[in-house]
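# Descriptive structure summary
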Amino acid sequence: MADETEIQGAEAQAAPEAAAAAPEGRRERGPRGGRGRGGGDRGGRGRRDDRRGGPGRDEDGGEELIEKLVHINRVSKTVKGGKRFGFAALVVVGDGKGRAGFGHGKAREVPEAISKATAAAKKAMVRVPLREGRTLHHDGLGHFGAGRVHVRSAPAGTGIIAGGPMRAVFESLGVADVVTKSVGTSNPYNMIRATFEALGEQTSPKSVAQRRGKKIADLMARREGLSAAEADAQAEAVTE
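Since we're looking at a predicted model, the values are computed, not measured.

A few words now on the environment of Ala121. With respect to the secondary-structure elements, Ala121 resides in helix α4 (residues 110-123). Separated by 16 residues in sequence, Ala121 and Gly105 place their C-alpha atoms 9.6 Å apart. In this structure, Ala121 is in contact with Val91, Val93, Gly101, Phe102 and Gly103, ignoring residues within four places of it in sequence.

Okay, the packing of helix α5 (residues 165-173) against helix α6 (residues 188-200) next. Following both chains from N to C, one finds α5 and α6 inclined at 40°, their axes separated by 9 Å at the closest point. When the interaxial angle is binned, α5 and α6 end up oblique. Once α5 is placed against α6, the crossing between them reads as right-handed. Across the interface between the two elements, Pro165, Met166, Val169, Phe170 and Leu173 of α5 pack against Pro188, Met191, Ile192, Thr195, Phe196 and Leu199 of α6. Considering only residue class, the contact of α5 with α6 consists of ten nonpolar, one polar and no charged.

Before going further, it helps to spend a moment on the pattern of salt bridges. Under the criterion given, the structure shown has seven salt bridges. Between Asp95 and Arg99 there is a salt bridge, with the nearest N and O atoms lying 3.8 Å from each other. Residue Asp95 is classed as buried on the basis of its relative accessible area, which comes to 8%. The partner of Arg134 in a salt bridge is Glu132, and the shortest N-O contact between them spans 2.9 Å. With a relative accessible area of 17%, Arg134 lands in the buried category. Relative accessible area serves as the criterion here: at 61%, Glu132 is assigned to the exposed category. Here the salt bridges share partners, and the residues they tie into one network are Lys68, Arg167 and Glu171.

Let us look at the side chain of Asp177. If you trace the backbone, Asp177 turns up in the loop between α5 and β8 (178-183). The class of Asp177 is buried, set by a relative accessible area of 5%. A polar side-chain atom of Asp177 sits 3.1 Å from the main-chain amide nitrogen of Thr158. Other than its neighbours up to four places away in sequence, Asp177 contacts Arg134, Thr135, Ala154, Pro155, Ala156, Gly157, Thr158 and Gly159.

Residue placement: Thr180 occurs in strand β8. Separated by 2.9 Å, the side chain of Thr180 and the backbone oxygen of Ile161 make a polar contact.

In terms of nonpolar packing, the biggest core is built from 24 residues, with Val151, Met166, Phe170, Leu173 and Leu199 touching the most fellow members. Of all the elements, α6 adds the most residues to this core, at seven residues. In this structure, Ala89, Ala107, Ala121 and Met125 belong to the second largest nonpolar core, which totals nine residues.

Definitions and cut-offs
Residues numbered from 1 in each chain as written. Predicted model: local features only at pLDDT ≥ 70, side-chain atom pairs only at ≥ 80, totals over all residues. Heavy atoms only, no water. Helix = DSSP H or I, 4+ residues; strand = E, 2+ residues; numbered from the N terminus. Contact = heavy atoms within 4.5 Å. Axes fitted to C-alpha atoms, helices over the stretch in contact; angles between N-to-C directions. Parallel < 35°, antiparallel > 145°, perpendicular 65-115°, else oblique. Left-handed = near helix turned anticlockwise from the far one by under 90°. Nonpolar A, V, L, I, M, F, W, Y, C, P; charged D, E, K, R; others polar. Salt bridge = Lys/Arg side-chain N within 4 Å of Asp/Glu carboxyl O. Buried < 20%, exposed > 50% of the residue type's maximum accessible area, 1.4 Å probe, protein only. Polar contact = N/O pair within 3.5 Å; in protein donor to acceptor, adjacent residues only side chain to side chain. Core = buried A, V, L, I, M, F, W, Y, C linked by side-chain atoms within 4.5 Å.

Here it is in structure tokens:
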């Protein structure tokens, strides 16, 4: 009897402790319901957004870039249940100092499409040598699809003689004086690709002199018919 009384007393004493511990146990198990609170950390949606925006930073350490939205178009995809509508964006990005690139992106919403296109443009940036930091070194021709683009260097004060997509390219590139002509198509995608093909063929006197093993002054004197002193002065002003 003494043993049974001790056992019953121990059970009675343990019951309140178990009852008090039970809510804590439920609270420890409760974070399963707290998935909504912890879901942001577990799912990492915020981290994915950061990673998506990461490539958008310029390689030079967060330098400010010029972003131009050239064209946006509504597109559709036919599926079993009907049509799914989305948007396609074409964006040109440049640093205003001789680097530029273009990209396009598709998404269900306009801001996301622009974000994708901007990230693609930043990854595809190329460097174009500029004369005196304001115009091209020489004339060029670009061809893509049905589009043909002519670009010409111009004297100071001319401005950007270009329209539509081509103007966005030269403004983001940092060109202040240029004359252009586009024939064959008004498709902004083909015009942009043809323009970048023409810019990709640009060469500077410095690179030509290194390739041919000559002095920059010799090339300048022969091309523009300058005297030796004038050619030396212009050669010293050539930075790229």
